[in-house]
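Chain residues, written in single-letter form:
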Amino acid sequence: MNRDISDLVSRLGRPLRLIVTGGGTGGHTYPALTAVRALRSRLAEAGGALDVLWIGTAAGLEAKVTAAENIPFRTVATGKIRRSANPIKLVSPANVKDMGRVPLGVAQARSAVADFGPDVVLGTGGYVAVPVGMAARMCHRPLVVHEQTVRLGLGNRALARMATRVAVSSESTLRFLPESARATAVVTGNPVRPEVLTGQGDKAIQALGLWGFDRSLPTVYVTGGAQGSQQINELVGEILPWLLGQANVVHQCGPSHEERLLARAAGLPEQLRSRYLVTGFVGSELPDVLALADVVVSRSGAGTLAELTALGRAAVFIPLATSAGNEQEHNARHLAEAGAAVALLGRAAPDTLQAAIGPLLTDPARRADIARRAAERGRPDAADRLVDVLLSVVDR
């Protein structure tokens, strides 16, 4: 898959042209952005350059991300297919209306692909990727599809059969691919932002003022994502006095939950309160917090799994029950069955959470074993692997 990039740059005689499509959520958007940055860096090292066009939806996260990155952005019409176990509900008025938008989206995407003339198209999932992927096929442009989760999303499932290459994040995903796509599949992992891998625990102590933390105790990082999770906040809150007797805790609760949790923390005994930091949001300090953490309690989105396995962190996952296709449960189960994480797959209650965390705090050997197994499944070089795949199909 390795190609002499200097030769490619010389033969092109111009910037390499890449269309990126995918988005709606961070799970689709940030891996693509990380791959773009890695490809741009690889080309620059060889004296080349990259022209990027991102095709997405105006309401998706990708619109904000591309504006911040100064990446040209176009929108196309999309149709969201609402899942249901009942076939009759699949032809609901909302689904029928949205499916009617697909031909318009394909026409718009075909025009964008023809105008831009990409050397390769990267699709990372989401409904917007479907018309763009179809347009790439119509315009005879190489299409690389990247799947972040253990099971294929609906969009990528539709595109896998027409893709030039399919990049997946886990070997376990290969069996879910259509038979015709398995020969083109390669395991790259899910791209992780490089800065996440370079954190230093002592910097988290300095930046967040964690002077009351007892460094002889393990540290737990609790997070429900940028907006927080009421479920995780409540579960942790119910066992907080016990938990602080065992560990230091950094609790990223989400801005809307911060005031209530600060009030709860104020009622703790001083000895426990000094080992507890509750904050609405963790920003640039995140890599250092992850470096400090011995155990992470979190959701089990694809990006979270990629980061924690790349870092080799012991984790307790509380999957989001309403995730599309129940993907978070599949992600958590995949690692838990390999002994690389602990997952609350049934009843999530204070007692089940305490039972899950307890052995990780009191048994350092068990914690280290889970962390080791997680690291074995991590792919910190996933962005470079995906760049290799993109370059391998140029001129095909």
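Residues numbered from 1 in each chain as written. Predicted model: local features only at pLDDT ≥ 70, side-chain atom pairs only at ≥ 80, totals over all residues. Heavy atoms only, no water.

Chemist: With reference to specific residues and values, describe the overall build of the protein chain.
Modeler: For the protein chain, the helix and strand inventory stands at 19 helices and 13 strands. Taken over C-alpha atoms, the radius of gyration comes to 22 Å for the protein chain, in line with the 21 Å a tight globule of 396 residues would show. Looking at the protein chain as a whole, 53% of its 396 residues qualify as buried. Counted over contacts in the protein chain with a minimum sequence separation of 6, partners at least 24 positions apart contribute 68%. Per element, the accessible surface of the protein chain, about 17100 Å² overall, is 51% carbon and sulfur. Across the protein chain, the mean location of the 43 positive side-chain charges is 7 Å away from that of the 35 negative side-chain charges. (Helix = DSSP H or I, 4+ residues; strand = E, 2+ residues; numbered from the N terminus. Rg over C-alpha atoms; globule rule 2.2 N^0.38 Å. Buried < 20%, exposed > 50% of the residue type's maximum accessible area, 1.4 Å probe, protein only. Contact = heavy atoms within 4.5 Å. Areas by Shrake-Rupley, 256 points an atom, 1.4 Å probe, with all protein chains shown as cover. Lys, Arg positive; Asp, Glu negative; His and termini not counted. Charge placed at Lys NZ, Arg CZ, Asp CG, Glu CD.)

Chemist: Let's hear about the environment of Ser170: which residues, and what values?
Modeler: Assignment of secondary structure puts Ser170 in the loop between strand S6 (165-168) and strand S7 (185-187). By relative accessible area, Ser170 is classed as buried at 10%. Ser170 has contacts with Val187 and His334, leaving out every residue within four places of it along the chain. A polar contact is formed between the side chain of Ser170 and the side chain of His334, at a distance of 3.3 Å. (Polar contact = N/O pair within 3.5 Å; in protein donor to acceptor, adjacent residues only side chain to side chain.)

Chemist: Describe the packing of helix H2 (residues 26-45) against helix H3 (residues 61-69), naming the residues involved and giving the relevant values.
Modeler: Packed helix pairs are specified by the crossing angle of their axes together with the interaxial distance, meaning the distance between the axes. Look at H2 against H3: their axes get within 9 Å of each other, and the N-to-C directions meet at 25 degrees. Regarding the angle of H2 to H3, the classification is roughly parallel. Seen along the crossing, H2 lies across H3 with a hand that is right-handed. Here H2 contributes Gly26, Thr29, Tyr30, Leu33 and Arg37 to the contact with H3, which in turn contributes Leu61, Glu62, Val65 and Glu69. (Axes fitted to C-alpha atoms, helices over the stretch in contact; angles between N-to-C directions. Parallel < 35°, antiparallel > 145°, perpendicular 65-115°, else oblique. Left-handed = near helix turned anticlockwise from the far one by under 90°.)

Chemist: Before we move on, could you go through the layout of surface pockets and cite the residues and values that matter?
Modeler: Looking at the second largest pocket, its volume works out to about 340 Å³. In terms of lining residues, the second largest pocket is bounded by 22 residues, among which Ser169, Ser170, Thr309, His334 and Arg377 are the most central. If you list the elements that add at least two residues to the lining of the second largest pocket, you get helix H15 (302-311) and helix H16 (327-337). Top contributing element to the lining of the second largest pocket by residue count: H15, with four residues. Taken together, the residues of the lining of the second largest pocket break down into six nonpolar, twelve polar and four charged. (1 Å grid on protein atoms, 1.4 Å probe; cavity = no way out; pocket = protein on both sides within 12 Å on 5 of 7 lines; lining within 4 Å. Points joined across faces, edges and corners; volume = space filled by probe spheres on them. Nonpolar A, V, L, I, M, F, W, Y, C, P; charged D, E, K, R; others polar.)

Chemist: Any chance you could break down the sheet that holds strand S3 (residues 73-75) for me, citing the residues and the numbers?
Modeler: Pairing in this open sheet of seven strands is parallel, and the strands run S3-S2-S1-S4-S5-S6-S7 from one edge to the other. Strand pairing shows two members of the sheet lacking a second neighbour, S3 and S7, which therefore form its edges. In this sheet, neighbouring strand axes are inclined to one another by 25 degrees on average, regardless of whether the strands run parallel or antiparallel. Of the strand pairs in this sheet, strand S1 (residues 16-21) and strand S4 (residues 120-123) are connected by four bridges, and their pairing is parallel. Within S4, the residue paired with Leu18 across the bridge is Val120. Sitting on the sheet, helix H6 (residues 102-116) is in contact with S1, strand S2 (50-56) and S3, with an inclination near 165 degrees to S1. Along the sheet, helix H7 (residues 129-138) contacts S1, S2, S4 and strand S5 (143-147); its crossing angle with S1, the most-contacted strand, is approximately 145 degrees. (Pairing = 2+ DSSP bridges.)

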